[in-house]
There are 2 protein chains.
Amino acid sequence: MKSMEDFSEWYLWVVREGEFVDQRSPIKGFDVLLPWAYSIWEKIQNLFDSMLKEHGVSNFYFPLVIPRSLLEKEAEHFQGFVPEVAWVTHEGDKPLNEWLALRPTSETIMYYMFRLWIHSYRDLPFRVNQWCNIVRWETKATKPLIRTREVLWHECHTAHATRECAMREVKRSMDLYTKLFRQYLCLPFIILRRTELDKFPGADITYAFESVTKEGKILQIATTHLLGQNFSKVFGIKYKDAQGKDRLVWQTSWGFTTRLIGAMIMVHGDEYGAVLPPKVAPLQVVIVPIPMKGGPDVLEKAREVEKRLKELGLRVKVDDGPETPGFKFNKWELKGVPLRLEIGPRDLEKGCVTAARRDTHERIEIKENELHRVKEILEQIQKDLLRRAEEFFKDHITYATSLSEAKRILEEKGGFVKIDWCGSERCELKVKEEGVGEIRGYVEDEKPKGNCAVCGAKAKHVAYVGRAY
Amino acid sequence: MKSMEDFSEWYLWVVREGEFVDQRSPIKGFDVLLPWAYSIWEKIQNLFDSMLKEHGVSNFYFPLVIPRSLLEKEAEHFQGFVPEVAWVTHEGDKPLNEWLALRPTSETIMYYMFRLWIHSYRDLPFRVNQWCNIVRWETKATKPLIRTREVLWHECHTAHATRECAMREVKRSMDLYTKLFRQYLCLPFIILRRTELDKFPGADITYAFESVTKEGKILQIATTHLLGQNFSKVFGIKYKDAQGKDRLVWQTSWGFTTRLIGAMIMVHGDEYGAVLPPKVAPLQVVIVPIPMKGGPDVLEKAREVEKRLKELGLRVKVDDGPETPGFKFNKWELKGVPLRLEIGPRDLEKGCVTAARRDTHERIEIKENELHRVKEILEQIQKDLLRRAEEFFKDHITYATSLSEAKRILEEKGGFVKIDWCGSERCELKVKEEGVGEIRGYVEDEKPKGNCAVCGAKAKHVAYVGRAY
């Protein structure tokens, strides 16, 4: 157990002791993903990959390295990424003719190929996905799963005939993410349109999916960009329309990373450690036999229950290690296994097992011939996790009418503070300079109630202010 | 259709026109894997990943970059890889303190961590797997899927208490590979122990899985290394045995790459293109409707058949594009789809569909109410592919008693030529210098019949000589 008072310390404790990540690799910001975290990533991949395929997206694999000249083509994009780029300059002891960037994202290398593949309106919409590693040499403090220099992610890139089609794709990406985040990861979020200062380098519009951690900080968990024609112009990605006229395509790109695992820890965790949603937990049920000297064979019964739960399609295992039951309880609670089944001599006598919910610590007696209830309990946990996270999330969006009020709220309870905003960069910067927080963006159709909380001019948007990772 | 006379040209034609790989990326040797090839890779991954998990191997993810000092620790390993290493030297415009290698393989970065994880005999055996990209700056001519600078692969690394345990693991890896290559990919192979000159840098023993292409060249499709204690010595990977004494672990590493896809093309292909084994084909059945003006609605029937085959669990699709049936036949034959179903007005009348096997071009009439036969035919194709490939393979191992005979055979039909060999480096080099081919290794328990075919001294091994990719 560890208090969440010092949230950062608590988080590192969960990640380390729960065996999600090992940070002791020889290069800072390049952590080792341990099987527990990697297995969650595999589950996210499988779930989302099926959704993508159903949506008509195909998986490709593009080169890890991007020639400097290619990365430079879209000027804003290059300016945005160049401070974080890791450069390959030598092969053996020979200098390369041209420096190669480790991909920080794959727009440029993909769109170089799009030009070769897209010719006619019949080729559109064109959709590409890639699961891969990217490298961004973060200068901010790194944090396992949340901010690292190498990251595993998916990046989806699409091309369309018109701006409307591209915007429809943006909405589709939002639907797919919404389904994954809510139904599977139990992560509530709001979709904010980023301000002009804060959007993706090279995009017309950036939408960010933002969640709130238990400590009240804002955590971006995915982004979708309407790239417009910024890249198709410089890469010459054209199609012939039905009239045979050359037109530039409209593009979108969207992605999420292994940060999602960190997000689940930060949103669902408690002082006992991580709490994983059953749908992505590597192990859904752990069975802990509680033997008694001279008592009956509880291990045999544990194996029998394991077998029956496996037949129900559950991910389950008996912890038959030499440690004490108490040690095992702590270990699996820390790792976030949704449900524990205890089997002791008393349970045996009564013909039942004792279930303990990870999220509520509620104890439930289950009769041996009612083991199917385990499945129902897991479904209930999944629902309850989302409901509680949503309540917390809603409770952490507060309306303020002045910067001082906003600041006070952010200091006291965090989350998002909404303020009316004129939309100017000046006021956006002032919110930051005054130590309130950052304007993370706005919801496009949300109307302000009054005047700009910063300058008093007519408000244009309701800005969401918060302190972010 | 394309003659296989110029095999290299034929291969590039299949890969390009069959849409496996696009080589037009801006960096030589870094190709784009298109959905057709990537989907085969996904199938190989899924199949082998389940086998690994059943064998007790867990998936991790380790850093892409390795500090130079770490790569240098095992001297032979470093010497072997340094000419091919791509170096990251700058972050933004700042030079790094230490150059970082893009992993050419992950022994050094993994074993740095092994030291932190392995303490007691109870931690052994310790097994790690990783699916990732690696970079080796090949100086030889590159060839898509066969020799590229960036490669996707799996690498499995294990640590054991004794040499015997490690050797047992070597055998287990061979069993796993044998199952994957034979049952799923229909690839025959021989496992050769590499000569001292040719083994993996840093290994005690290297075993290579070698197949023979239709052009008679040797193609390595996987390797397993007994690393012995070479790495555990330099990385200090120790465990306390049951008596509390410190001992160094014994290690193995083994892997295969996306080259397996190229291998299937080169082993099963014909002048019509690729021939994919049904178990890993992205599409197992393509349905081509053959409409006739004023005739019945064959497309509707095609959809109905598609639905029923999907219910049988098959990967199937109707090609309802605007092209002619002939164009479609060529396209899907080139891509290697194992079975084509044609549905024309005549078939409709007779209440059947016409199946065409990709491997034999045999045409089979299937009654509409016997569609389950499609499954049986696919199973038959899978079996026949392996059988024919095995016959070819066996037919391409020839015994020769002199270098001149060996040379003649390799020039005339290729494959492997077996010669008795004294085991000396001098004779090994002579086989190469005289333009015969390379000694690719030997089978450990195969006894020579006479004297060394090179120097006439007492033979120690039967050497397998061939010309390899």
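Details of the structure are given in the entry above.
Residues numbered from 1 in each chain as written. Chains lettered and ligands numbered in written order. Predicted model: local features only at pLDDT ≥ 70, side-chain atom pairs only at ≥ 80, totals over all residues. Heavy atoms only, no water.

So, the pattern of salt bridges
Side-chain pairs of opposite charge can arise whenever the charged atoms involved come near each other.
In step 1: The full count for this structure, using the stated rule, is 80 salt bridges over all chains.
In step 2: A salt bridge links Arg388 of chain A to Asp359 of chain A; the nearest nitrogen and oxygen atoms lie 2.7 Å apart. Taken together, the residues span a long stretch of sequence, with Arg388 of chain A in helix α12 (residues 373-395) and Asp359 of chain A in the loop between β18 (352-357) and β19 (363-367) at a distance of 29 residues.
In step 3: By relative accessible area, Arg388 of chain A is classed as partly exposed at 31%.
In step 4: Among the salt bridges present, the one from Glu304 of chain B reaches Lys301 of chain B, with a minimum N-O distance of 3.5 Å. Residue Glu304 of chain B and its partner Lys301 of chain B are both found in helix α9 (residues 298-311); the two are separated by three residues, about one turn of the helix.
In step 5: A network of salt bridges, in which partner residues are shared, links Arg357, Asp359, Glu362, Asp384, Arg387, Arg388 and Glu391 of chain A. (Salt bridge = Lys/Arg side-chain N within 4 Å of Asp/Glu carboxyl O. Helix = DSSP H or I, 4+ residues; strand = E, 2+ residues; numbered from the N terminus. Buried < 20%, exposed > 50% of the residue type's maximum accessible area, 1.4 Å probe, protein only.)

Here's the deal with the nonpolar core
In step 1: Ranked by internal contacts, the top residues of the largest apolar core, which has 88 residues, are Leu102, Phe114 and Trp117 of chain A together with Leu102, Phe114 and Trp117 of chain B.
In step 2: With near-sequence residues (within four places) excluded, Phe114 of chain A lies in contact with Phe126, Val128, His157, Ala159, Ile237 and Gln251 of chain A. (Core = buried A, V, L, I, M, F, W, Y, C linked by side-chain atoms within 4.5 Å. Contact = heavy atoms within 4.5 Å.)

With respect to the packing of helix α2 (residues 35-54) of chain B against helix α8 (residues 259-268) of chain B
In a packed pair of helices, the relevant descriptors are the angle between the two axes and the axis-to-axis distance.
All names here are of chain B.
In step 1: Packing of α2 against α8 leaves a shortest axis separation of 9 Å and a crossing angle of 110°. It follows from the interaxial angle that α2 and α8 lie roughly perpendicular. Within the contact between the two elements, α2 uses Ala37, Ile40, Trp41 and Ile44 and α8 uses Leu260, Ile261 and Met264.
In step 2: For the contact of α2 with α8, the per-class residue count stands at seven nonpolar, no polar and no charged. (Axes fitted to C-alpha atoms, helices over the stretch in contact; angles between N-to-C directions. Parallel < 35°, antiparallel > 145°, perpendicular 65-115°, else oblique. Nonpolar A, V, L, I, M, F, W, Y, C, P; charged D, E, K, R; others polar.)

Considerations on the sheet that holds strand β16 (residues 316-318) of chain A
Residues and elements named next belong to chain A.
In step 1: Taken in spatial order, the five strands of this open sheet run β16-β15-β17-β18-β19, and their pairing is mixed. The sheet is open, and its two borders are formed by β16 and β19, each paired with just one other strand. Going across the sheet, the axis of each strand differs from the next one's by a mean of 25°, ignoring polarity.
In step 2: Pairing of β18 with β19 involves five bridges; the strand directions are antiparallel. When the sheet's bridge partners are listed, Cys352 is paired in β19 with Lys367.
In step 3: Along the sheet face, α12 touches β15 (285-289), β17 (339-343), β18 and β19 and points at about 155° away from the line of β19. (Pairing = 2+ DSSP bridges.)

Some remarks on the sheet that holds strand β6 (residues 94-102) of chain A
In step 1: Taken in spatial order, the six strands line up as β4(A)-β6(A)-β5(A)-β5(B)-β6(B)-β4(B) in an open sheet, and their pairing is antiparallel. Across the chains shown, the open sheet's two edge strands, defined by having one partner strand only, are β4 (65-67) of chain A together with β4 (65-67) of chain B. Each adjacent strand pair in this sheet contributes to an overall mean axis angle of 45°, direction not counted.
In step 2: Across five bridges, the pairing between strand β5 (residues 86-91) of chain A and strand β5 (residues 86-91) of chain B is antiparallel. In the sheet register, Trp87 of chain A faces β5 of chain B, and the bridge partner there is His90 of chain B.

Observations regarding the side chain of Gln382 of chain A
All names here are of chain A.
In step 1: Note that Gln382 resides in helix α12.
In step 2: For Gln382, the side chain forms a polar contact with the main-chain oxygen of Tyr184, separated by 3.1 Å.
In step 3: Not counting chain neighbours up to four residues away, the residues in contact with Gln382 comprise Gln183, Tyr184, Cys186, Pro277, Pro278 and Lys279. (Polar contact = N/O pair within 3.5 Å; in protein donor to acceptor, adjacent residues only side chain to side chain.)

Side note on the relation of the copies chain A and chain B
In step 1: You can overlay chain A on chain B at an RMSD of 0.0 Å; the transform is a turn of 180° with a shift of 0.0 Å along its axis. The superposition operator between the copies reduces to a two-fold rotation axis. Residue Val88 of chain A, judged by its C-alpha, is the member of chain A lying nearest the rotation axis, at 2.1 Å.
In step 2: By residue overlap, the copies meet face to face through one surface: 100% of the interface positions of chain A are interface positions in chain B. (Least-squares fit on C-alpha atoms with pLDDT ≥ 70 in both.)

Points about the interface of chain A and chain B
Where interface size is given, it is often the accessible area lost as the parts come together that is meant.
In step 1: Counting residues at the interface gives 51 residues for chain A, matched by 51 residues for chain B.
In step 2: Summed over the shared surface of chain A and chain B, the result is two salt bridges.
In step 3: Lys53 of chain B is the salt-bridge partner of Glu42 of chain A, the closest N and O atoms lying 3.1 Å from each other.
In step 4: Along the contact surface separating chain A from chain B lie 24 residue pairs in polar contact (both at pLDDT 80 or more).
In step 5: It is β5 of chain A that contributes the most residues to the side of chain A that touches chain B, six residues altogether.
In step 6: Tallied by class, residues from the side of chain A that touches chain B come to 35 nonpolar, seven polar and nine charged.

Brief notes about the environment of Lys335 of chain B
Residues and elements named next belong to chain B.
In step 1: Among the secondary structure elements, Lys335 is positioned in helix α10 (residues 325-335).
In step 2: As a C-alpha pair, Lys335 and Leu283 span 52 residues in sequence and 9.5 Å in three-dimensional space.
In step 3: A polar contact of 3.1 Å, which involves the side chain of Lys335, links it to the backbone oxygen of Gly18.

Things to note about unusual backbone geometry
In step 1: Here the amide bond leading from Leu124 of chain A into Pro125 of chain A is cis, since omega sits at -10°, within 30 degrees of zero.
In step 2: Within the fold, Pro125 of chain A resides in the loop between α5 (107-117) and β7 (126-135).
In step 3: At Cys186 of chain B, a position not held by glycine, the phi torsion is positive, near 60°.
In step 4: Examined against the element boundaries, Cys186 of chain B turns out to sit in the loop between α6 (163-184) and β9 (190-193).
In step 5: For Cys186 of chain B, a relative accessible area of 0% translates into the label buried.

That is the geometry; function is a separate question.
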